[in-house]
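The residues making up each chain are set out below.
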Amino acid sequence: MFKIVNSRKYISDLEVLRAWTKENGFIYPSSEIYGGFSAVYDYGHLGYLLKENIKRNWEKSVVHSRNDMVLLDSAIFMHPKTWHASGHVSNFSDILIENKKTNIRYRADHVVEDWLSKKTDQELEYFCTKTAKKNIQEMIKKRDLDKSTPEEIYEVMKITDFPDLENFTKPRTFSLMIKTNLGITDGTIDNDNAVFPRAETCQGIYLNFKNVLQTYRLKIPFGIAQTGKAFRNEIIARQFIFRTREFEQMEMQYFLHPNDMNSKFEEWKNLRLDWYVNELGISPSNLRLKKHEKLAHYASQAFDIEYKFESLSGYKELEGIHARGDWDLSSHSKMSGENMEYYDQQRNEKYIPHVLETSVGLNRCVMMLIEENLYEEEFINNEKDKNTAIDKRIVLKIKKNLAPIQVAILPLSKKPELIHKTLEIQQQLRNRFITSYDETGSIGKRYRRQDEIGTPYCVTVDFDSLEDNCITIRNRDDMTQIRVPISEIQSYLMFD
Ligand code: GAP
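Just so you know, these numbers come straight off a predicted model, no measurement behind them.

A. Inspection of the overall build of the protein chain at higher detail. A tally of regular secondary structure across the protein chain gives 17 helices and 22 strands. Burial analysis of the protein chain (496 residues in total) assigns 51% to the buried set. Residue pairs at least 24 apart in sequence account for 67% of intrachain contacts in the protein chain once pairs closer than 6 positions are excluded. Accessible area for the protein chain stands at about 24300 Å²; split by element, carbon and sulfur atoms hold 48% of it. Both charge centroids of the protein chain, one from 70 positive and one from 74 negative side chains, sit 1 Å from each other.

Structure (structure tokens):
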């Protein structure tokens, strides 16, 4: 029997996370042989499998466990008018400043708000005496520049003696939309001829609203869900996979009558929070709901589900839950000329449905699951002499059904007859489980390797197996081992 005598979380900062994910084949920096490519990452075998397991679990919870939901896989490219109608071309931007010496870019509103937060109320009062403009005084007093123009931010910087001001570029608007062209075109890409890789997956859902409604004969309320890549020209890209320029979203748009918004909003808020706890196994004490004070251009009420990321020094957003009203369907209706009204037979009423959205960042879930579950443990072997040395392992104690590899199959030695038997057993298990085969190194080392990547079970084939047709199953979490007939292996492999 092994006894765990010490256990602590392994991920303390972004550098440890970055190094661990690379060393263990989960996440690699993009284009590393060319010196890397900022804010873009590639996923290795294990990272890919983990991502797929989360996605499948989300799909099961949001779609397959209900009768009012269908899936969609819309294209990344949409008609350019989509992004004019959605408001992204005119509204989806941040204000940027750049340090001329270091070339580091910042979100201007954030750095200046940070600067103002270090000032006392008296100091802010004093700054306000330097201008007669009421709007500038308000921004300074409230330390809030979220809705400010670049010119206003620059004025606040000057009035409040922003440090090293001469070494910063003037604030300027920076669109988060990535622009490209399709087909045979060249020259500069301006907003009139640009095609935008989608900045959120949900716009494809709005464009297909009528198709889906008609072909699946749906009645309101119902939802359309989809997962897929989204692209944003993020200014700040220093947070590993938390904020990248290419990322994956899992989005659900629930279409309803406006009178039902408040009750459904509460229902979905609870459903989504429960998913993190019950399905992903996240401790409730590391999660919180945060109401938005500042709303996106499309939202009338919004909450974020946040996780306490050790590597980012605090709570950060995982998912947005938004009441988008009829903003999107109405805008697309106006821009395209297509009538998006729905005839509600029960109410005998025609209306443009309102939208309740839940939008999760898949990559952020990967980051959270690694942070939440990766432990460094010290343990002793109780069955050995009392003076036995303390052993160490790094173990990813992720929920078993989310683990990238479910069963590792290990021959005790490289003797051909053992390898043959082991591969035979793997072949049987392959039909039901994601397996991996490993014959290199001592059995202890191989167990450590599987612990570190979160494999819940190791099946070890030894020389006795050739005689008694039994193998050993080792459990990741408590390191217990049981001897089991080969014909019964599957009944011992439990996945929550
Ligand atoms: N359709 C609504 C929407 O896109 P959002 O709050 O901008 O709302 C939803 O994004 C989720 O997508 C966020 O909660 C976050 O998890 C993820 N996300 C957004 N930008 C991201 C980025 N640059 N990198 C990684 N994930 C991102």
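Read on, since the account is not over.
B. Geometry of the sheet that holds strand β19 (residues 435–437). Pairing in this open sheet of 5 strands is mixed, and the strands run β19-β18-β20-β21-β22 from one edge to the other. Where the open sheet ends on each side, the last strands, each with one partner, are β19 and β22 (481–485). Each neighbouring strand pair of the sheet contributes to a mean axis angle of 25 degrees, computed without reference to strand direction. One ladder, built from 3 bridges, connects strand β18 (residues 407–411) with β19; its direction is parallel.

C. The arrangement of the site of the ligand in detail. Residues in close proximity to the ligand total 21 residues, the closest being E200, E251, E317, L318 and E357. One nitrogen or oxygen atom from the side chain of E200 is found 2.6 Å from a nitrogen atom belonging to the ligand. Within the backbone of F242, one N or O atom sits 3.4 Å away from a nitrogen atom of the ligand. Taking 550 Å² as the accessible area of the ligand by itself, protein coverage stands at 93%. Elements that contribute at least two residues to the shell around the ligand include exactly β9 (246–256), β12 (314–325) and β15 (354–361).

D. Quick peek at the pairing of strand β21 (residues 470–475). Most of β21 sits inside the fold, with 6 of its 6 residues counted as buried. The two faces of β21 match: C470, T472 and R474 on one face and I471, I473 and N475 on the other face are all buried. Bridge count between strand β20 (residues 457–461) and β21: 4 bridges; the pairing is antiparallel. Bridging across to β21, Y457 finds its partner in N475. Where β21 lies against β22, 5 bridges are found, and the strand directions are antiparallel. Across the sheet, T472 pairs through a bridge with R483, a residue of β22.

E. View of the packing of aromatic side chains. Applying the stated criterion across every chain yields a total of 18 aromatic pairs. Here F433 and F495 contribute two aromatic rings whose centre-to-centre distance is 5.5 Å and whose plane-to-plane angle is 35 degrees, an arrangement assigned as tilted. Taken together, the positions of F433 in the loop between α14 (416–430) and β19 and F495 in the segment after α17 (489–492) put the pair 62 residues apart, joining distant regions of the chain. F433 sits in the buried class, given a relative accessible area of 7%. Cluster of aromatic residues (ring-pair linked, three or more members): Y106, W115, F162 and F168. The aromatic ring of Y106 is capped on one face by R238, whose charged end is 5.6 Å from the ring centroid.

F. Layout of the domain arrangement of the protein chain. Considered domain by domain, the protein chain is made up of domain 1 (2–81 + 197–371), domain 2 (93–175) and domain 3 (405–492). When each unit is reduced to the centre of its C-alpha atoms, the spacing between domain 1 and domain 3 is 37 Å. Between domain 1 and domain 3, the residue contacts involve 8 residues of the former and 7 residues of the latter. Between domain 1 and domain 3 the total buried area reaches about 640 Å² when both faces are included, carbon and sulfur atoms providing 70% of it. Linking domain 1 to domain 3 there are 0 salt bridges. For the pair domain 1 and domain 3, the number of links is 2 residue pairs in polar contact (both at pLDDT 80 or more). Elements with a contribution of two residues or more to the side of domain 1 that touches domain 3: β1 (2–9) and α2 (45–64). The element contributing the most residues to the side of domain 1 that touches domain 3 is α2, with 3 residues. Split by residue class, the side of domain 1 that touches domain 3 holds 6 nonpolar, 2 polar and no charged.

G. Spotlight on the packing of α2 against helix α11 (residues 261–279). Two elements in contact, α2 and α11, have axes separated by 11 Å at closest approach and are oriented at 140 degrees. For the element pair α2 / α11, the angle class is oblique. α2 and α11 meet at a crossing whose hand is right-handed. Across from I54, N57, W58, S61 and V62 in α2, the residues of α11 making contact are W268, R272, W275 and E279. Of the residues assigned to the contact of α2 with α11, the class counts are 5 nonpolar, 2 polar and 2 charged.

H. Structural context of unusual backbone geometry. With an omega of 5 degrees, the peptide bond running from I220 to P221 counts as cis. Its place among the elements puts P221 in the loop between α10 (209–215) and β8 (222–231). One non-glycine residue, S31, lies in the positive phi region at around 50 degrees. Secondary-structure assignment places S31 in the loop between β2 (27–29) and β3 (41–43). Overall, the relative accessible area of 31% leaves S31 in the partly exposed class. In the Ramachandran plot, D161 falls in the positive-phi region, its phi being about 55 degrees despite a non-glycine side chain.

I. Looking closely at the packing of helix α6 (residues 121–128) against helix α7 (residues 134–142). Close contact between α6 and α7 brings their axes to 9 Å; oriented N to C, the two are set at 170 degrees. Here α7 runs roughly antiparallel to α6, going by the angle between their axes. Together, L124, E125, F127 and C128 of α6 and Q137, I140 and K141 of α7 make up the contact between the two elements. Looking at the contact of α6 with α7 residue by residue, the class counts come to 4 nonpolar, 1 polar and 2 charged.

Conventions adopted
Residues numbered from 1 in each chain as written. Predicted model: local features only at pLDDT ≥ 70, side-chain atom pairs only at ≥ 80, totals over all residues. Heavy atoms only, no water. Helix = DSSP H or I, 4+ residues; strand = E, 2+ residues; numbered from the N terminus. Buried < 20%, exposed > 50% of the residue type's maximum accessible area, 1.4 Å probe, protein only. Contact = heavy atoms within 4.5 Å. Areas by Shrake-Rupley, 256 points an atom, 1.4 Å probe, with all protein chains shown as cover. Lys, Arg positive; Asp, Glu negative; His and termini not counted. Charge placed at Lys NZ, Arg CZ, Asp CG, Glu CD. Pairing = 2+ DSSP bridges. Axes fitted to C-alpha atoms, helices over the stretch in contact; angles between N-to-C directions. Near = heavy atom within 4 Å. Polar contact = N/O pair within 3.5 Å; in protein donor to acceptor, adjacent residues only side chain to side chain. Phe/Tyr/Trp six-rings, centres within 6.5 Å; stacked < 30°, edge-to-face > 60°. Lys NZ or Arg CZ within 6 Å of the ring centre and 35° of its normal. Domains from an automatic or database assignment. Buried area = accessible area lost by both parts, 1.4 Å probe. Salt bridge = Lys/Arg side-chain N within 4 Å of Asp/Glu carboxyl O. Nonpolar A, V, L, I, M, F, W, Y, C, P; charged D, E, K, R; others polar. Parallel < 35°, antiparallel > 145°, perpendicular 65-115°, else oblique. Left-handed = near helix turned anticlockwise from the far one by under 90°.

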